[in-house]
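What follows is the residue order along each chain.
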Amino acid sequence: PVLIKRMLSASPTNDRDRLYMWEAGWIGFLENPIVGIGRGNERFEYEQHRARVAERHGGHHFLNTASAGIHNVYLQVAYNTGVIGLLGFLWLYGAVFAWCAHWIRRARDREDLGFERGLLWGAAAGLAGTLVAGVFQNNYFDAEVGNMVGIAIGLALHAGLAVRNSSYAAVSIE
């Protein structure tokens, strides 16, 4: 019920703080579009962008400190690492999704590879979930999410290699 109430109350008026954080992040990204401001520098740089946005919007008072970040993983990555970092971030996820899709297809008719197929599906679903949540959350700084992403990628790699090795073993036996 709390989640449903929150979703129903979402609006540009109720959520302007988040929209203003995004605006400040976008301004900062536009000032450093190629390589960003650098990881760890947001606590020094982001406040000035927030101040400009606050002034532009009638002296808005943000609900959190600048160290809380932009609350959008895509803007946060672009802000910190520029277009180069954002492309690398998206490439990593795209490569893992392509890996999972490839090995899921290769294992689809093999009953003995159900566990590996499940790991691949689970990794892809978990990573997709972090990307969706990242639109509204600042999981860029979240160690738990970072650990989960690393574990999911590792499990996907392990499962894909197991499918590959099983496929080679099946071919050599025949």
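One can find the structure itself at the top, above this paragraph.
The shown structure was predicted, so the numbers you read here are calculated from the model rather than taken from an experiment. (Residues numbered from 1 in each chain as written. Predicted model: local features only at pLDDT ≥ 70, side-chain atom pairs only at ≥ 80, totals over all residues. Heavy atoms only, no water.)

> I would appreciate a short explanation of the overall build of the chain in the present structure.
Helix and strand content of the chain: six helices and zero strands. The C-alpha radius of gyration of the chain comes to 21 Å, more than 25% above the 16 Å expected for a compact globule of 174 residues. Taken over the C-alpha atoms alone, the chain extends approximately 75 × 40 × 20 Å along its principal axes. With 174 residues in all, the chain has 38% of them scored as buried. A sequence separation of at least 24 residues applies to 74% of the contacts in the chain between residues at least 6 apart. Accessible surface, the chain: about 10200 Å² in total, of which carbon and sulfur atoms supply 65%. Each charge class in the chain was averaged separately, 15 positive and 15 negative side chains, and the resulting centres sit 3 Å apart. (Helix = DSSP H or I, 4+ residues; strand = E, 2+ residues; numbered from the N terminus. Rg over C-alpha atoms; globule rule 2.2 N^0.38 Å. Buried < 20%, exposed > 50% of the residue type's maximum accessible area, 1.4 Å probe, protein only. Contact = heavy atoms within 4.5 Å. Areas by Shrake-Rupley, 256 points an atom, 1.4 Å probe, with all protein chains shown as cover. Lys, Arg positive; Asp, Glu negative; His and termini not counted. Charge placed at Lys NZ, Arg CZ, Asp CG, Glu CD.)

> How should I be thinking about the packing of helix α2 (residues 16–31) against helix α4 (residues 73–107) in this particular structure?
Axes are the key here: two packed helices are described by the angle between their axes and the distance separating the axes. Direction vectors running N to C along α2 and α4 enclose 10°, while the axes themselves pass 9 Å from each other. Between α2 and α4, the interaxial angle falls into the category roughly parallel. Crossing geometry of α2 relative to α4 is assigned as left-handed. Where α2 abuts α4, its residues W22, G25, W26, G28 and F29 lie against L75, A78, Y79, G82 and V83. In terms of residue class, the contact of α2 with α4 is made up of seven nonpolar, three polar and no charged. (Axes fitted to C-alpha atoms, helices over the stretch in contact; angles between N-to-C directions. Parallel < 35°, antiparallel > 145°, perpendicular 65-115°, else oblique. Left-handed = near helix turned anticlockwise from the far one by under 90°. Nonpolar A, V, L, I, M, F, W, Y, C, P; charged D, E, K, R; others polar.)

> Teacher, can you tell me more about the packing of α4 against helix α5 (residues 114–133) here?
Closest axis-to-axis distance for the α4/α5 pair is 10 Å, and the angle between their directions is 155°. Accordingly, the angle class assigned to the pair α4 and α5 is roughly antiparallel. In this structure, α4 crosses over α5, and the sense of that crossing is left-handed. Each of Y74, F89, Y93, V96, F97, W99, C100, W103, I104 and A107 in α4 lies in contact with α5, whose residues at this interface are R117, L120, W121, A123, A124, L127, A128, T130 and L131.

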